[in-house]
Amino acid sequence: MFGRRGAQLCSELAQNDDERLHRFDNDLFEHVIEEANEHYHQLETRMVKMQQEGLDIETTQNRDYFGALIHHLSLIRNKRCLMSYVYNRSQSVQRLRWQLGAVLPADLQDKLNYSEIEFFKNYSELLGSYMTNIDLDLTVDSTPPKDPYIQVRVMDDLGEVLLDDQATTLLRNSIHLMKRTEAEPLISQGLLEEFIG
Amino acid sequence: MSSYYDLDDLLAEEETVSVVFRVAADGVGILDPGSEDNNVEQGAKVDVPLWLAQDLCQRQAAFINLPGYFSQRVRKEMQADPGCVDIRTRCPYFYGVGCKLVPITNDATLGSFLLYTLRGRYKDILSKAHSAAISSTPKVMQILSREETMLFQAGRDSMTAFKRWRVEGTRMERAAVLGKKRKSQEL
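In this text the structure is predicted, and so the values were computed from the model without any measurement.

**Student:** Describe the pattern of salt bridges, with residues and values.
**Tutor:** One pass over the structure, following the stated rule, counts 20 salt bridges over all chains. The residue A:Asp64 makes a salt bridge to A:Arg46 at a minimum N-O spacing of 3.1 Å. Residue A:Asp64 is found in helix H3 (residues 63-100), and its partner A:Arg46 is found in helix H2 (residues 26-52); the two are separated by 18 residues along the sequence. You'll find A:Asp64 and A:Arg46 in the same group, each marked buried. Of the charged contacts in the structure, one is a salt bridge between B:Asp9 and A:Arg80, with a shortest N-O distance of 2.9 Å. With B:Asp9 in helix H1 (residues 7-12) and A:Arg80 in helix H3, this residue pair bridges two chains. When its relative accessible area of 11% is taken as the criterion, B:Asp9 is described as buried. Given a relative accessible area of 9%, A:Arg80 falls into the buried group. A single salt-bridge network, built from bridges that share partners, covers A:Arg4, A:Arg77, A:Arg80, B:Asp9, B:Glu13, B:Glu14 and B:Lys100.

**Student:** So, the side chain of A:Arg46: which residues are in play, and what are the values?
**Tutor:** According to the relative accessible area criterion, A:Arg46 is buried, its value standing at 12%. Leave out the neighbours within four places in its chain, and A:Arg46 touches A:Asp64, A:Gly67, A:Ala68, B:Asp26 and B:Gly27.

**Student:** Go over the sheet that holds strand S3 (residues 62-65) of chain B, please, and point to the residues and values.
**Tutor:** All names here are of chain B. Strand order in the open sheet formed by three strands is S2-S1-S3, with antiparallel pairing between adjacent strands. The open sheet has two free edges, formed respectively by strand S2 (45-49) and S3, since each of these has just one partner strand. Pairs of neighbouring strands in the sheet enclose a mean axial angle of 45°, with direction left out of account. Relative to S3, strand S1 (residues 16-21) runs antiparallel, the two being bridged by four bridges. Note on S3: the bridge partner recorded for Val 20 is Phe 63.

**Student:** Quick rundown of a nonpolar patch on the surface? Include the residues and the values.
**Tutor:** All names here are of chain A. On the surface, Trp 98, Tyr 130, Ile 134, Leu 136 and Leu 138 cluster together to form a nonpolar patch covering roughly 460 Å² of accessible area. Looking at the secondary structure, you find Tyr 130 in helix H5 (residues 114-134). Classification of Tyr 130 by relative accessible area gives partly exposed; the value is 45%.

**Student:** An account of unusual backbone geometry is requested, with residue identities and associated values reported.
**Tutor:** Phi angles above zero are rare outside glycine, and A:Asp135 is one such case at about 55°. You can see A:Asp135 is positioned in the loop between H5 and strand S1 (149-154). One non-glycine residue with positive phi stands out, namely B:Gln60, at about 60°. You can see B:Gln60 is positioned in the loop between helix H2 (50-58) and S3.

**Student:** Outline the domain arrangement of chain B, supporting the account with residue identities and numerical values.
**Tutor:** By a widespread convention, an interface's size corresponds to the accessible area lost as its parts come together. All names here are of chain B. For chain B, the domain assignment lists domain 1 (1-65) and domain 2 (68-167). One C-alpha centre belongs to domain 1, the other to domain 2; they are set 27 Å apart. Every contact between the two is made by twelve residues of domain 1 and, on the other side, eleven residues of domain 2. Of the roughly 1,000 Å² buried between domain 1 and domain 2 on both sides combined, carbon and sulfur atoms contribute 67%. Of all residues in domain 1, Asp 8, Glu 15 and Ile 64 bury the most surface against domain 2, accounting for 45% of the area lost on that side. At the junction of domain 1 with domain 2, the criterion picks out three salt bridges. For Glu 13, the salt bridge identified is with Lys 100, shortest N-O distance 3.1 Å. Elements that contribute at least two residues to the side of domain 1 that touches domain 2 include exactly H1 and H2.

**Student:** Hey, could you go over empty space enclosed by the protein for me, with residue numbers and the actual values?
**Tutor:** Residues and elements named next belong to chain B. All chains considered together, the criterion is met by two cavities of 30 Å³ or more. Empty space within the second largest cavity amounts to approximately 40 Å³. Lining the second largest cavity, in full, are Gly 83, Arg 121, Asp 124, Ile 125, Val 140, Ile 143 and Leu 144.

**Student:** How would you summarise the nonpolar core if you had to cite specific residues and measurements?
**Tutor:** Within the largest apolar cluster, 58 residues are counted, with the highest numbers of intra-cluster contacts made by A:Ile70, B:Phe70, B:Phe94, B:Val97 and B:Leu101. It is H3(A) that provides the largest number of residues to this core, a total of eight residues. Apart from the residues within four sequence positions on either side, B:Phe70 is in contact with B:Arg75, B:Phe94, B:Val97, B:Gly98, B:Leu101, B:Leu110, B:Phe113 and B:Leu114.

**Student:** Describe the pairing of strand S3 (residues 166-170) of chain A, with residues and values.
**Tutor:** Residue and element names in this part refer to chain A. Here strand S2 (residues 159-163) runs beside S3; their pairing, made up of five bridges, is antiparallel. Bridge pairing in S3 links Leu 163 to Gln 166. Taken together, S2 and the strand that follows it, S3, pair antiparallel across an intervening segment of two residues, in which Asp 164 is found at a positive phi of about 55°.

**Student:** Account for the interface of chain B and chain A, with residues named and values stated.
**Tutor:** With 46 residues of chain B at the contact, the number on the chain A side is 58 residues. Roughly 4,500 Å² is buried in total at the junction of chain B and chain A, and carbon and sulfur atoms are behind 59% of that figure. At the junction of chain B and chain A, the tally comes to seven salt bridges. In this structure, the salt-bridge partner of B:Glu13 is A:Arg77, at a minimum N-O distance of 3.5 Å. Across the contact surface, chain B and chain A share twelve residue pairs in polar contact (both at pLDDT 80 or more). Of all the elements in the fold, those that place two or more residues in the side of chain B that touches chain A are H1, S1 and H2 of chain B. Residues that form the side of chain B that touches chain A fall into these classes: 23 nonpolar, eight polar and 15 charged.

Definitions and limits used
Residues numbered from 1 in each chain as written. Chains lettered and ligands numbered in written order. Predicted model: local features only at pLDDT ≥ 70, side-chain atom pairs only at ≥ 80, totals over all residues. Heavy atoms only, no water. Salt bridge = Lys/Arg side-chain N within 4 Å of Asp/Glu carboxyl O. Helix = DSSP H or I, 4+ residues; strand = E, 2+ residues; numbered from the N terminus. Buried < 20%, exposed > 50% of the residue type's maximum accessible area, 1.4 Å probe, protein only. Contact = heavy atoms within 4.5 Å. Pairing = 2+ DSSP bridges. Axes fitted to C-alpha atoms, helices over the stretch in contact; angles between N-to-C directions. Patch = residues over 30% accessible without salt bridge, like charges linked within 9 Å, V, L, I, M, F, W, Y side chains within 5 Å. Areas by Shrake-Rupley, 256 points an atom, 1.4 Å probe, with all protein chains shown as cover. Domains from an automatic or database assignment. Buried area = accessible area lost by both parts, 1.4 Å probe. 1 Å grid on protein atoms, 1.4 Å probe; cavity = no way out; pocket = protein on both sides within 12 Å on 5 of 7 lines; lining within 4 Å. Points joined across faces, edges and corners; volume = space filled by probe spheres on them. Core = buried A, V, L, I, M, F, W, Y, C linked by side-chain atoms within 4.5 Å. Polar contact = N/O pair within 3.5 Å; in protein donor to acceptor, adjacent residues only side chain to side chain. Nonpolar A, V, L, I, M, F, W, Y, C, P; charged D, E, K, R; others polar.

Written out as structure tokens, the structure is:
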């Protein structure tokens, strides 16, 4: 009651320092909404009671007024908790697009709820069409490049991959020199590692 | 001014403070465990979250008692040596709560006390953030408030970035969201 659960919802997010995404907490989210509804009913009861007594709601400041006020504030507080939970997660979802590209790995997709997946798709589309319009891939070169080519080490057997318009077989622990722009998304996805020899 | 969506701001407002109601309120008995009917009476002393206290005090519907971690005893302790006081166990959002309390309390010294505390601890935090080993969690972090931890982390991150730049280390990294590298993949 009185916003405890809402804060609990948000503290789950705030404690999560390592930027890993957690599963969308549907249960708690629903609980907070229920709680907000409960506050609304209580608020309504107080208001109706004041009206029945023939009091002017705007000017009277009796016990019912303060009861209603507290429920009103709790309602707003719960709303803020819900909003910031959704907002902060949506920020992480946006980051995913920049870091991992347009396709999400399955284990991450499980952690998002339906509307977040929708949001990711729409955001990805929007960013994609913008990048097509200006004819520039904005997600690469997040750090200023020193050399157009870099050395990378392959972290896993990837099979045949199309690099620089050539099919190349990437075996685990093999070392390749490749175009930086091609390597960057793969490094970000954890398939390659920058190799300094 | 902090943002509506800011999680730390939101959580700082969740800390409980004790207020005394100047008015009575019906239908909110759950706030006051001592009340028999569902109401809070005038003069009742109740622990409420800060966000509620803020509004009630602004409307003159309640007045606030400063929480224990701003008591004279703690202030004396802080005067003796600010760097040694354990703030985290007292209140993880020490400064956030303090700043929010300043406009609603009668205690005019609270603001300067907060400033004194931060000033006394700042240098220590920063020098430790720069010198502590990267992998371990230094002892000093156990007594820092959430705000100070962020300061510490920022100092540490910039030091790590600087070191990496000096040795010309890797500049592109695996996305943090994927978690740590799988150990079984090594070798």
